[in-house]
Amino acid sequence: MKKRVRTYSISAVAELYDIHPQTLRLYEREGLLPVTARTEGNYRIYSDAHAARLSFIRHCRGLDMTLDEIRIL
């Protein structure tokens, strides 16, 4: 049986982690989040893997780590 992959819109992920959608775009531009898939309408689609990575980034930011320090990890 094939496992269904859960996907999220940018607003759903932003709400889930209580961050602004622009922050998600910044993390993607900075290379902290992998580039997302896109819908036919060119909307970003985030997966569980993106959500897990974002959880890690948010935890590091909570420890006052810089984006450069997180990138090194």
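Residues numbered from 1 in each chain as written. Predicted model: local features only at pLDDT ≥ 70, side-chain atom pairs only at ≥ 80, totals over all residues. Heavy atoms only, no water.

A. Examining unusual backbone geometry more closely. Here Asp18, not a glycine, exhibits a phi torsion of approximately 55 degrees, which is positive. Summarising the element assignment, Asp18 is placed in the loop between helix H1 (10–16) and helix H2 (21–29). With a phi close to 70 degrees, Asn42 is a non-glycine residue in the positive phi region. Following the sequence through the fold, Asn42 ends up in the loop between strand E2 (37–38) and strand E3 (44–47). (Helix = DSSP H or I, 4+ residues; strand = E, 2+ residues; numbered from the N terminus.)

B. Structural detail: the side chain of Ser47. Turning to its location among the elements, Ser47 is positioned in strand E3. Note on Ser47: relative accessible area 19%, which makes it buried. Among the polar contacts listed, one links the side chain of Ser47 to the side chain of His50, at a separation of 3.0 Å. Setting aside chain neighbours within four positions, we find Ser47 in contact with Arg6 and Tyr8. (Buried < 20%, exposed > 50% of the residue type's maximum accessible area, 1.4 Å probe, protein only. Polar contact = N/O pair within 3.5 Å; in protein donor to acceptor, adjacent residues only side chain to side chain. Contact = heavy atoms within 4.5 Å.)

C. Seen up close, the nonpolar core. Core analysis: the biggest nonpolar cluster contains 16 residues, and Leu24, Tyr27, Leu33, Tyr46 and Leu54 have the highest contact counts within it. Not counting residues within four places of it along the chain, the set of residues in contact with Leu33 comprises Leu24, Tyr27, Glu28, Tyr46, His50, Arg53, Leu54 and Ile57. (Core = buried A, V, L, I, M, F, W, Y, C linked by side-chain atoms within 4.5 Å.)

D. The arrangement of H2 in detail. All buried positions along H2 are accounted for by Leu24, Tyr27 and Glu28. In a view along the axis of H2, the buried residues occupy a sector of 100 degrees, so they form one face of it. Buried residues in H2 make contact with H1, E3, helix H3 (48–62) and helix H4 (67–72). Following H2 by one or two positions, Gly31 has its phi on the positive side, about 85 degrees. (Arc of directions from axis to C-beta.)

So, to be careful, I would describe these as geometric facts and stop short of saying anything about function.
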